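Working through the structure, step by step
Here are the chains, one letter per residue:
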Amino acid sequence: MLIELPFWPQQASTVAGSVDVLSIFLTLVASFFSFLIFLLIFFFAIRFRRRPGLTATPVPTRLSLEVLWTAVPLGLTAVMFTWGSGLYLHNQQDPPGAMNIYVVGKQWMWTVEHLEGRREIGELHVPAGRPVKLILASQDVIHDFFIPAFRVKQDVVPGRYTTLWFEATRIGSYRLVCAQYCGTRHSGMIGNVVVMEPQDYQNWLANGADDPPAKAGERLFRTFSCAGCHELQATQKGPPLIGMYGKSVRMESGETVAFDDAYIRESILNPNEKVVEGYRPIMPTFRNQLNEDEIFQIIAYIRSLGAGDAKP
Amino acid sequence: MTHANVPENYLNASWGWRSWLLTRDHKRIALLYLISITLFFIVGGFFALLIRLELLTPAGDLVQAETYNKLFTMHGLIMIFFFLIPSIPSVLGNFLIPLMIGARDLAFPKLNLLSWYIYIIGGVFTLAAVVTGGVDTGWTFYTPYSSTYANSNVILTALGIFITGFSSILTGLNFIVTIHKMRAPGLTWLRLPLFIWAHYATSLIMVLGTPVLAISITLILLERSFHSGIFDPKLGGDPLLFQHLFWFYSHPAVYIMILPGMGVVSEIVTCYSRKKIFGYTFVALSSLAIAALGFLVWGHHMFVSGASPFAGMVFSMLSFLVAIPSGIKVFNWTATLYKGSISFDAPMLYALGFIGLFTIGGLTGLFLATLAVDVHVHDTYFVIAHFHYIMVGGAVMAYFGGIHFWWPKITGRLYPEVWARIAALIVFIGFNLTFFPQFLLGYLGMPRRYHAYPEEFQVWNVMSTAGASILGLGYLIPIIYLLWSLRYGRVATENPWNAMGLEWQTPSPPPESNFAATPIVTEEAYSYDIHT
Amino acid sequence: MTSIPDSRPLTVAASHGVHDHQFDDSAQQQEAATLGMWLFLATEVLFFGGLFTGYTVYRSAYPNAFGEASRHLDLVLGTVNTGVLLLSSFSMAMAVQSAQLGKRWRLLGFLTSTAVLGAVFLAIKFTEYVHKFHEHLVPGSQFVFSGPESQHAQLFFSFYFAMTGLHALHMIIGIVMLAVLMVLTLANTFGPEYHTPIETIGLYWHFVDVIWVFLFPLLYLVSR
């Protein structure tokens, strides 16, 4: 039974190994100092235990010791900080060529939208060996997307998009959990990340019965009369959308903004926060008419209209 | 043990309800606090018991999900705001600060009594919230769940916490003024007991940090009452603003909970080693450093919240820095043992346990300060293990150590030493059994606030629950024998431990005005070398 | 237990040097009271500071909406109120001086004028609140704001009411304390040797004034 005791989670992503190495270093340092203190206390307690004939001897403070046990911890923590931040910044950089998948967290489930069309609930199928970037949205409260085996975690905050990337290295099924308390069924907001061989993943994608989100997005685009102002060519009422995804756009305020997912979402929900140069703030809000899944579908549709210069 | 010739002291100076409930005597107020926080400790502990029982099995089968959410919320709220934060300052601090500095009382005795009443009123509100359905937001009240979505007694609970916060502020204010203005002649700052330094630093945090909690709660109350949108993204608000405001207080709050314990440990370690503290100035100033740096690290609770990575780096670096002064204290306490004459009375056992367990807890904090690792262990049982090592393995052990150390001074009775040592060992063993497995569970990926978990985690959870029952037993035993000692314990002399410190230069229990004549101080603290 | 009368309010002028039993002398008591009040004011800075922080965050996020919303505030009434409060602080300072000089009736007069000015401030504030209510600018279900960014304008008004409301609450408490001081002055409690409460409450009053001095430009002068 002892052999079955779990001590360490599986490593199933490209970053898991480096995070674990750092954790082991921290464990060694922590163990060293813990044992040091325990042993010193133990040793001193025995060696200097009170007994007849033994009195305490005053020991003057030694500045050199104070400096030592200030400087050494400072040095060690500097190492931990540098190592930890370096690894963290590296892990935060979106890798080039990552495939995007849209994920919505809502009380109490995860819905996943693959751009090619498959939708999932509580499961995320991904290919091994390829960087995957998740664009995360919350329908209601703060959730958190956590895959222990990949050592990745990101809060999913309502009102904005957050992102998380990983590259899975091992075929298999790995637990996915919500790691930010979100209400009654927080412990039930779990699922699986299913890592497949790339070819199997392609087959799985192709077997989906759902429309690609871009198609659903196009339907929404028509239904909500977006085309009325945003005919795909420029009109006087609204800026063009074709070939825009990823470009940099100038706003009335003078600032330059990237035409990315977050910008599209904001334009749908708070249209007059950022107005494109040369246009008036007349776009109505669709705040209570579109949920996060539907906004993702519209984004997918706009992406399908062509990308601009900058990468998505 | 007869009543015949007991001299007049603060306990028997007057009788009746009014003399206690309308007292201005800091010593009586300390006892009022002692009784109330013990009751809250039992309530909070009861919730912990239910949590651990539920976690015996992987399925959530003991209580409903909603009930479980209320259990961990209320466990956290009660333990933090009604036990840990007031415990050492309001019981031991209140009792001892005037005695240790040679004063007759605190600067503002009526304010002191008001602090207790405010604490009680806040407690009543919170307990009312508990018994009329509970609250399920987590003690951290994150928005928009707490401000918009939760269907539990958020307003009532928030009011209770808001009110209690003022108790903290007034206590801190009282302590700061007292320490500045009422020290006995000759008692310069660098002659003060480290207990006083620790409480001074704690009071600075109480005074400067708690108001920000008050505002955070006020905004939640407004949001819930008027749906104004401050934290609701659907109305333009930012949920992260709440997190910044909340943690700006709640991180320094953890230093409110640990600094007094560190002060207690300094007093105990010196007495039972019969030695001056090693590195007095460093230990004293490190308390101030912890208080100051503690205000600058709140963002380390938000590394994966969506805040900027650059901000994350700044907070990470500062979080490493705040660990350094704590390390300095641990090394200095350990060095104090060197060439001492060490005895292992119960208070010393608790103090030594504190040093060891606080060290482990503090070192695991480094994992959390390390950005890349925190991404993995944030919001898992690793964090729970970390803070329980510090709060329970640290603060609670220091509290018990202090209660035992000063019990003769407070009550005039000695506790039974053998039982006390047994209980200390049971606590130490039970504690480690309860919380060490949680480090493993956390790294394995068991999230916080889950009442159901995968099967393979069950062994560690069972071990943790088993430890919790031992820990509970360890806490029960002192409650019993301390009560017993009030009537049957050996009568204590003025200074049963032969300790340094002005509080031991007056009878046990002290007279109402503490000292027959104002003492004059001519030597450093812990002058055990001069007075063997 | 022998007793020095402990903490009753001193109805005998402290020129006799009577002090609470925990203090060694009245000088120590006065120092303690003053330090205590400064500490309390520090807590108030942090208390209001949380609101100021939240306001600043949203204002930098939504400058247009906040500017637009701010224009709905009555600049005239706000300016008058600022003047009223500054005058009341002057009056309070004169009260402290009167106490220091032992001029009982002048003290009473200045305490009264301070309280009256405070009440004028509150009356004007109340008028503003009533106007806002009629204009449907109180956050909540009745809130109506014409303009492209009504959501964010509601945020502005949430902070407006929270900040000025909290400030008004502190004014009310201040006026009540002034009333207590007036009663004590009539009972001949204060004199040159003892007037600590006048000074400490004076500190409080000035602080509440300073808060308004920050509130006014932040709320009323956003984009004027």
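These figures come from a predicted structure and were not determined experimentally. (Residues numbered from 1 in each chain as written. Chains lettered and ligands numbered in written order. Predicted model: local features only at pLDDT ≥ 70, side-chain atom pairs only at ≥ 80, totals over all residues. Heavy atoms only, no water.)

1. Some remarks on the sheet that holds strand S7 (residues 152–156) of chain A
All names here are of chain A. To keep it simple, the criterion reads: In this analysis, strands are considered paired if DSSP registers two or more bridges between them. The numbering of helices and of strands both runs from the N terminus, where a helix is a DSSP run of H or I of at least 4 residues and a strand a run of E of at least 2. Simply put, an axis is a line fit to the C-alpha atoms, just over the touching stretch for a helix, and the angle between two N-to-C directions goes from 0 to 180 degrees.
Strand order in the open sheet formed by five strands is S4-S10-S9-S6-S7, and the pairing between neighbours is mixed. Both edges of this open sheet fall to strand S4 (123–127) and S7, since each of them pairs with a single strand only. Neighbouring strand axes in the sheet, compared pairwise and without regard to direction, differ in orientation by 20° on average. Summarising the sheet, strand S6 (residues 143–147) and S7 pair through five bridges and their orientation is antiparallel.

2. Quick look at the packing of helix H8 (residues 239–273) of chain B against helix H13 (residues 381–411) of chain B
Residues and elements named next belong to chain B. Heads up, the rule is: The cut-offs work like this: below 35 degrees is roughly parallel, past 145 is roughly antiparallel, 65 to 115 is roughly perpendicular, and the gaps in between are oblique. Crossing handedness follows the turn of the near helix against the far one: under a right angle anticlockwise gives a left-handed crossing, and clockwise gives a right-handed one. Whether two residues are in contact is decided by their heavy atoms: any pair within 4.5 Å suffices.
For the pair H8 and H13, interaxial distance at closest approach is 8 Å and the crossing angle is 45°. When the interaxial angle is binned, H8 and H13 end up oblique. Crossing of H8 over H13 shows left-handed handedness. On H13, the residues touching Val254, Met257, Ile258, Gly261, Val264, Val265, Glu267, Ile268, Cys271 and Tyr272 of H8 are Ile390, Met391, Gly394, Ala395, Ala398, Gly401, Gly402, Phe405 and Trp406.

3. Brief notes about the environment of A:Thr285
All names here are of chain A. Test applied: Only protein chains enter the accessibility calculation, which uses a 1.4 Å probe. A residue is then buried if its area is under 20% of the maximum for its type, exposed if over 50%, and partly exposed in between. Whenever two N or O atoms come within 3.5 Å, that pair is a polar contact, provided that in protein one can donate a hydrogen and the other can accept it, and provided that, for residues adjacent in sequence, both atoms are side-chain atoms.
Tracing the backbone shows Thr285 in the loop between helix H5 (261–269) and helix H6 (292–304). Residue classification places Thr285 among the partly exposed positions, given a relative accessible area of 32%. Linking Thr285 and Gln92, residues 193 residues apart in sequence, is a C-alpha distance of 32 Å. With residues up to four places along the chain from it excluded, the contact list for Thr285 reads Ile268, Leu269 and Pro271. For Thr285, the side chain forms a polar contact with the main-chain oxygen of Leu269, separated by 2.7 Å. A polar side-chain atom of Thr285 sits 3.0 Å from the main-chain amide nitrogen of Arg287.

4. Comments concerning the interface of chain A and chain B
Going by this rule: Simply put, the buried area is the total loss of 1.4 Å probe accessible area from both parts when two parts are fitted together. A pair is scored as a salt bridge if a Lys or Arg side-chain nitrogen falls within 4 Å of a carboxyl oxygen belonging to Asp or Glu.
With 82 residues of chain A in contact, the opposing surface of chain B contributes 86 residues. When chain A packs against chain B, close to 7300 Å² is buried across both sides, 71% of that on carbon and sulfur atoms. Of all residues in chain A, the largest losses of buried area upon contact with chain B belong to A:Arg50, A:Tyr88 and A:Tyr181, amounting jointly to 11% of the total for that side. The interface formed by chain A and chain B includes one salt bridge.

5. Brief notes about the packing of aromatic side chains
Using the following cut-off: Classification of ring pairs rests on two measures: the distance between centres of Phe, Tyr or Trp rings, Trp counted by its six-membered ring, which must be within 6.5 Å, and the angle between planes, read as stacked under 30 degrees, edge-to-face over 60 and tilted in between. Geometrically, a lysine NZ or arginine CZ counts as sitting over a ring once it is within 6 Å of the ring centre and also within 35 degrees of the ring normal.
In total, this model carries 86 aromatic pairs over all chains according to the counting rule given. An angle of 45° between the planes, with centres 6.1 Å apart, marks the rings of B:Phe46 and B:Phe47 as tilted. With a relative accessible area of 44%, B:Phe46 lands in the partly exposed category. On the accessibility criterion, B:Phe47 (7% relative accessible area) is buried. Ring geometry for C:Tyr160 and C:Phe161: centres 5.1 Å apart, planes at 80°, overall edge-to-face. For the pair C:Tyr160 and C:Phe161, a shared accessibility class is recorded, and that class is buried. Taking the ring centre of A:Trp204 as reference, the NZ or CZ of A:Arg118 above it sits at 4.2 Å.

6. A look at the nonpolar core
This is how the line gets drawn: Take the buried residues of types Ala, Val, Leu, Ile, Met, Phe, Trp, Tyr and Cys, join any two whose side-chain atoms come within 4.5 Å, and each joined set is a nonpolar core. Each domain's extent is set by a domain assignment, obtained either automatically or from a database.
Core analysis: the biggest nonpolar cluster contains 324 residues, and A:Phe145 and A:Phe150 have the highest contact counts within it. It is helix H3 (residues 65–101) of chain B that contributes the most residues to this core, 22 residues altogether. Each of domain 1 (16–92) and domain 2 (99–206) of chain A gives at least three residues to this core. Ignoring any residue separated from it by four or fewer positions in sequence, one finds A:Phe150 in contact with A:Ala12, A:Ser13, A:Val15, A:Ala16, A:Phe166, A:Ala168, A:Tyr174, A:Val193 and A:Val195. Listed in part, the 32 residues of the second largest apolar core include A:Phe221, A:Leu241, A:Val249 and A:Ile299.

7. Thoughts on the packing of helix H2 (residues 26–54) of chain B against helix H4 (residues 109–131) of chain B
All names here are of chain B. Using the following cut-off: In this classification, the charged set is Asp, Glu, Lys and Arg, the nonpolar set is Ala, Val, Leu, Ile, Met, Phe, Trp, Tyr, Cys and Pro, and all remaining amino acids, among them Gly, are polar.
Across the interface, H2 lies against H4 with an axial gap of 10 Å and an inter-helix angle of 20°. Judged by the inter-axis angle, H2 sits roughly parallel to H4. In this structure, H2 meets H4 at a crossing whose hand is left-handed. Contact with H2, carried on its side by His26, Ile29, Leu32, Tyr33, Ser36, Ile37, Phe40, Val43 and Phe47, involves Pro109, Asn112, Leu113, Ser115, Trp116, Tyr119, Ile120, Gly123, Leu127 and Val130 of H4 and no other residues of that element. Taken together, the residues of the contact of H2 with H4 sort by class into 14 nonpolar, five polar and no charged.

8. Description of the interface of chain B and chain C
The interface is formed by 41 residues belonging to chain B together with 35 residues belonging to chain C. Summed over both partners, the interface of chain B with chain C buries about 3100 Å², with 68% contributed by carbon and sulfur atoms. Together, B:Arg104, B:Lys181 and B:Ile215 form the three largest contributors to the area buried by chain B at its contact with chain C, with a combined 18%. Applying the counting rule to chain B against chain C returns two salt bridges. In this structure, B:Lys181 engages C:Glu31 in a salt bridge whose closest nitrogen and oxygen atoms are separated by 2.8 Å. For the pair chain B and chain C, the interface holds nine residue pairs in polar contact (both at pLDDT 80 or more). Of all elements in the fold, only H4, helix H6 (154–181), helix H7 (194–226) and H8 of chain B reach the threshold of two or more residues within the side of chain B that touches chain C. With nine residues, H7(B) is the single largest residue contributor to the side of chain B that touches chain C.

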